[in-house]
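# Observations on chain architecture
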Amino acid sequence: MSIFFSLFAGLGLFFIGVRLISSNLRQVIGRRLRQLIARAVTSAGSLALFGLLAGAVMQSVNAVIHVLVALVTAGAMDRKRAFPIIRWANLGTSMLALVAAIDLHALALCLVGLTGIAYYQQIDQSTRWRHAVGALLGLGLLFLGTDFIKSGAALLRTAPWLREQIAELGVWLLPSFAIGAAVAWAAQSSTTVVVITMSLAAGGLIGWNGGAMLVMGAGLGSAASAWNLAGRLQGSARQLVLFQVLLRLQGLLLTLIFYACNRWLFDDPFGRLLDQFDMGLPARLAAFYMVVQVLSDLGSRALDKPSLRWLDAWAAPSLQENLSKPHFVHDEALDEAETALLLADKEQQRLLACLPAYLDALRQDAPTALASADKRQAAESQVLQLCEQFLVELADRQRSRDVLERSMVLRDRNRLLGSLQESLAELHQSTQAAMGEPSVAQLLDQLVQSLHMMLETLAETAALARPEAEDLALLRSLTHDRSELMDGIRRRLQGSELEAGLRQAVFSATTVFERCVWLARRYVLLLDSPTTLPSFSPSTKT
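Summary of the structure given here. (Residues numbered from 1 in each chain as written. Predicted model: local features only at pLDDT ≥ 70, side-chain atom pairs only at ≥ 80, totals over all residues. Heavy atoms only, no water.)

### Brief notes about unusual backbone geometry
The general pattern is negative phi for most residues beyond glycine and trans for most peptide bonds. Formally: A run of H or I in DSSP becomes a helix once it reaches four residues, and a run of E becomes a strand once it reaches two; helices and strands are each numbered from the N terminus.
Of note, Gln-122 is a non-glycine position whose phi angle comes to about 60°, a positive value. Structurally, Gln-122 can be placed in the loop between helix H6 (105-120) and helix H7 (130-156). If you check the backbone angles, Asp-268 has positive phi at about 60° while not being a glycine. Tracing the backbone shows Asp-268 in the loop between helix H12 (235-265) and helix H13 (269-275).

Written out as structure tokens, the structure is:
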């Protein structure tokens, strides 16, 4: 029974190691590192090198895809450059299978010991080294788990009944294939199945045919896990995941053809080739896994153009994805302060001009809204986050007083835009619920039309290089305090016979309208005196 516990513990340590490596390294991929990646991967050679390293270190193509999705959706990388990285990342994951073919017992113990010392010295509490220590622990547990599986498998081969069952798997190939697919799907890693298969082969529990079927089944399981991930994504991000699915399926088809021809048509030339290198069964399975990856890559390259056409048709970039990409700010502009400030200002002007569109669905004479208010707010808030990060990094790089003051004003405007977006989305929700009631529809329509005109005038004035005093005076007049007027409306409704739900909706709409007017006035004041106003905090007004 202790043998089974050893195998079970080995599997647990292996899975913990894979997860620790993936999760800690994903945390390291911060904005600065993503910038370096986006700048570095410009040529075919750099794409290949990054893909190989990312796959070898993270040991999960899904984790690599998460990083690429962040880069593509942020506009830092073109999706067509991400496809070759996925190809090379699949080859990179096979490095673990090659490493697992050698004795890792001493290395595993050293890694666990080093990690223990790091924890004792509280290095893991450091913000700088926390994730590195976690990844090191994951690597040590991964190797230690592999060693446990090998040891347990070596002891299990003495059980005659188990050897008979394993021998059956070598004859009945379909169960082996299904088991490999199921485990890879559950673990979300084909490399996991390959390393476990190699450990069983090292213990004499599985033969070549059963092991090869497990390896090929792992390819199908990996495609299935990627397909699950695709269900939660849209647009270019979905294309990256579907590309991995196509890559795996094409490789699986070619590998099945290769296996069938090698076994039944040509009397095992692949095995005779490996005999020349005096490879054991675990190393043979590692080499076969490498062949699977190479065939996947070749198949993908051969069908590159039709695959890309299919991906464009199946997962075209969505409107929300287009809305979430900045039009002006980009990291290369940070080297020149004046250009960076100008681009940030133009990005904010563009987002300000988009604010009236939040009300299109509520206006009777408005064109059909391209996107709902909540979807537009979710997408454009991402652009504001990028603008905020852009301005923070600009202030870090440029220490002159003028740049710091102007960047602070732009950051204040950025926060105001975010608050306006949230408020308009909230106004849309509260107002839409009550628009069908004739007794309050006219009142709500007047509020919406008034706010729409106010936002349009604000956007037109902000787009001017130097707003005229008359324009600013008009804006200050349009955005004067409406609290008394809104309080009067709420008092009249309080004594009416209006249904409680509709009354609450109108109360919410008037409150949000009042907030929008106040936020617009704050923006006008920033336009009026852009370098002397104090920093804005949304929490100062409720």
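### Describing helix H11 (residues 208-230)
We count it as follows: Expected span, for any helix, means 1.5 Å times one less than how many residues it has. Burial classes: relative accessible area under 20% of the type maximum marks a residue as buried, over 50% as exposed, and values in between as partly exposed (1.4 Å probe, protein chains only).
In this model H11 runs 34 Å from its N-terminal to its C-terminal C-alpha over 23 residues, within 8% of the 33 Å that 1.5 Å per residue would give. In terms of residue burial, H11 counts as a mostly covered element, since 17 of its 23 residues are buried.

### Describing the environment of Leu-447
The following threshold applies: When checking whether two residues touch, look at their non-hydrogen atoms; a contact exists if any pair is within 4.5 Å.
Looking at where Leu-447 falls in the secondary structure, it is placed in helix H20 (residues 438-462). You can call Leu-447 buried: its relative accessible area is 10%. Sequence spacing of Leu-447 and Ala-509 is 62 residues, and the spatial spacing of their C-alpha atoms is 8.7 Å. Beyond its immediate chain neighbours, meaning those up to four positions away, Leu-447 contacts Met-486, Thr-510 and Phe-513.

### Remarks on the packing of H12 against helix H15 (residues 304-314)
Any two packed helices are characterised by the angle at which their axes cross and by the distance between the axes. Where we set the bar: Working convention: axes come from line fits to C-alpha atoms, limited for helices to the stretch in contact. Angles between N-to-C directions cover 0 to 180 degrees. Angles are sorted into four bins: roughly parallel if under 35 degrees, roughly antiparallel if over 145, roughly perpendicular if 65 to 115, and oblique for all others. It is the rotation of the near helix from the far one that decides the hand of a crossing: anticlockwise by less than a right angle makes it left-handed, clockwise makes it right-handed. Classification convention: Asp, Glu, Lys, Arg as charged; Ala, Val, Leu, Ile, Met, Phe, Trp, Tyr, Cys, Pro as nonpolar; all other residues, Gly among them, as polar.
Viewed as axis vectors pointing N to C, H12 and H15 meet at an angle of 140°, and their least axial separation amounts to 10 Å. Viewed along their axes, H12 and H15 adopt a mutual orientation that is oblique. Two packed elements cross with a definite hand, and for H12 against H15 that hand is right-handed. Contact residues: H12 offers Arg-238, Gln-239, Leu-242, Phe-243, Leu-246 and Gln-250, while H15 offers Ser-307, Trp-310, Leu-311, Asp-312 and Trp-314. Grouping the constituent residues of the contact of H12 with H15 by class yields six nonpolar, three polar and two charged.

### What about the pattern of salt bridges?
Basically, it comes down to this: Salt bridges are counted wherever a side-chain nitrogen of Lys or Arg sits within 4 Å of a carboxyl oxygen of Asp or Glu.
Counting across every chain of the model gives 13 salt bridges. Note that Arg-301 is salt-bridged to Asp-297, the shortest N-O span being 2.6 Å. Separated by four residues within a single helix, Arg-301 and Asp-297 lie in helix H14 (residues 281-302), roughly one turn from each other. Two residues, Arg-350 and Glu-347, come together in a salt bridge whose shortest N-O distance is 2.8 Å. With Arg-350 and Glu-347 both in helix H17 (residues 337-354), this residue pair falls three residues apart, about one helical turn.

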